[in-house]
Amino acid sequence: MNPQAKLISTLSLLLGTTITISSNHWMMAWTGLEINTLAILPLISKPHHPRAIEAATKYFLVQAAASTLLLFSCTTNALFTGQWDITQLTHPISCLLLTTAISMKLGLVPFHFWFPEVLQGSPLTTGLLLATAMKFPPITLFLLTSPSLNYTLLTIMAIASAALGGWAGLNQTQIRKILAFSSISHLGWMTIIIIYNPKLTLITFYLYCMMTAAIFLTLKTTKSLKLSSIMAAWTKIPSLNAILMLALLSLAGLPPLTGFLPKWLIIQELTKQEMTSTATIIALLSLLGLFFYLRLAYCATITLPPNSANYMKQWQTNKPVNTLTTTFITLTITLLPLSPMIFSIF
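Keep in mind it's a predicted model, so treat the numbers as computed, not measured.

Reading the values: the criteria
Residues numbered from 1 in each chain as written. Predicted model: local features only at pLDDT ≥ 70, side-chain atom pairs only at ≥ 80, totals over all residues. Heavy atoms only, no water. Helix = DSSP H or I, 4+ residues; strand = E, 2+ residues; numbered from the N terminus. Polar contact = N/O pair within 3.5 Å; in protein donor to acceptor, adjacent residues only side chain to side chain. Contact = heavy atoms within 4.5 Å. Expected span 1.5 Å × (residues − 1). Buried < 20%, exposed > 50% of the residue type's maximum accessible area, 1.4 Å probe, protein only. Disulfide = S-S within 2.5 Å. Patch = residues over 30% accessible without salt bridge, like charges linked within 9 Å, V, L, I, M, F, W, Y side chains within 5 Å. Areas by Shrake-Rupley, 256 points an atom, 1.4 Å probe, with all protein chains shown as cover. Salt bridge = Lys/Arg side-chain N within 4 Å of Asp/Glu carboxyl O. Phe/Tyr/Trp six-rings, centres within 6.5 Å; stacked < 30°, edge-to-face > 60°. Lys NZ or Arg CZ within 6 Å of the ring centre and 35° of its normal.

Asker: For this particular structure, what's the right way to read the side chain of Ser45?
Answerer: Summarising the element assignment, Ser45 is placed in the loop between helix 2 (26-44) and helix 3 (50-81). Looking at Ser45, its side chain comes within polar contact range of the main-chain oxygen of Leu41, at 3.0 Å. Excluding anything up to four places from it in sequence, Ser45 contacts Ala52, Ile53 and Ala56.

As structure tokens, then:
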């Protein structure tokens, strides 16, 4: 891809995100989301492969439909209340439409169908952007409008996302699709607590982005895209592959790793709000996701590929691991003991 075009796309992504998260007016927020959508399309279709073009087309159609719903929602609210302010969304139909529009943009169940396909058709770097940075503006809109959202619909979508994110990832062999369903499952955890404690949703999102970035950057270093290739990547950088197992278990939410912190806090908050049954259901549903994280970790570190004539060991590389990758991995594994400091900040 032309460096100038890549620079323009990256700057447009930053501009669109900044406009959306800093705006008070619905039209400005909508403009920022549209800039983001148009800026990511060249990055998705960069490989010039039919699957990449298909992913870009699917992404454009879904995001355009979600943006239309969002515009219709804020216009309806302005018609009945005369308010264009983001925090003044009070009309019930507008609240319902907004909840649906943001859920489509994030990829919550039942609007998740586009996300695994788009992530599978994108390069790893673009996939990282789609799974983390591109979800930040919609999450911000969710936070700003959290008092007005339709909570019944949100709770149903959150539990369904946690269930389907774990269930659909069980039989996948493509790592990007597994991480897509992992993202859907984590979005369920973020959404279920947003009405009661929006700050906790933000903490969960930040920690999820950090853990996902560590895994995507590790996969990019070892050039692993499916389970069979991750099984053969152990000869390349053995130490990085061993640490990848801990990063995957952290994303699964096992103590004493960083990923346990947001799940622990969310279950604690749900129990405080006398929603013990909801907390129990979503905790049990996370066990489905734990299975495919364990399978990934098993393939990355324990399983040796068959030593047949068709298999060739990869050369061990002497190239040092990127500093960003090591930083993210360190935080992914060791942040839980720093949780008192995180509480004091937030």
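Asker: So what exactly am I meant to see when it comes to helix 9 (residues 175-192) here?
Answerer: Because an α-helix completes one turn every 3.6 residues, residues spaced three or four positions apart along the sequence face the same direction. An ideal rise of 1.5 Å per residue puts 26 Å on 18 residues; helix 9 measures up with 26 Å between its terminal C-alpha atoms. With respect to burial, helix 9 is a largely interior element, 18 of its 18 residues being buried.

Asker: Would you take a moment to explain the state of the cysteines for this structure?
Answerer: A covalent bond between the sulfur atoms of two cysteines is referred to as a disulfide. Under the counting rule described, the total for this entry stands at zero disulfides. No disulfide involves Cys95; its nearest neighbouring cysteine sulfur is the one of Cys74, lying 12 Å away.

Asker: Looking at this model, I keep getting lost on a nonpolar patch on the surface. Mind explaining?
Answerer: Together, Leu7, Leu11 and Leu14 make up a nonpolar patch on the protein surface, roughly 310 Å² of accessible area in all. Among the secondary structure elements, Leu14 is positioned in helix 1 (residues 3-22).

Asker: What is the right way to read the packing of aromatic side chains from this model?
Answerer: Any two aromatic rings considered together are summarised by their centre-to-centre distance and by the angle between their planes. Scanning all chains against the criterion turns up eight aromatic pairs. A ring pair is formed by Tyr59 and Trp114, whose centres lie 5.6 Å apart and whose planes are at 65°; its orientation type is edge-to-face. On the criterion of sequence distance, the pair formed by Tyr59 in helix 3 and Trp114 in helix 5 (residues 114-120) is long-range, its members being 55 residues apart. Comparing Tyr59 with Trp114 shows no difference in burial state: the two are buried. When the centroid spacing of 6.5 Å and the interplanar angle of 45° are considered together, the rings of Phe136 and Tyr206 count as tilted. Taken together, the positions of Phe136 in helix 7 (residues 136-144) and Tyr206 in helix 10 (residues 198-222) put the pair 70 residues apart, joining distant regions of the chain. A relative accessible area of 21% places Phe136 in the partly exposed class. By relative accessible area, Tyr206 is classed as partly exposed at 38%. Chaining the aromatic ring pairs together yields one cluster made of Tyr59, Trp114 and Phe115. The ring of Phe115 carries the charged tip of Lys135 above its face, separated from the ring centre by 4.0 Å.

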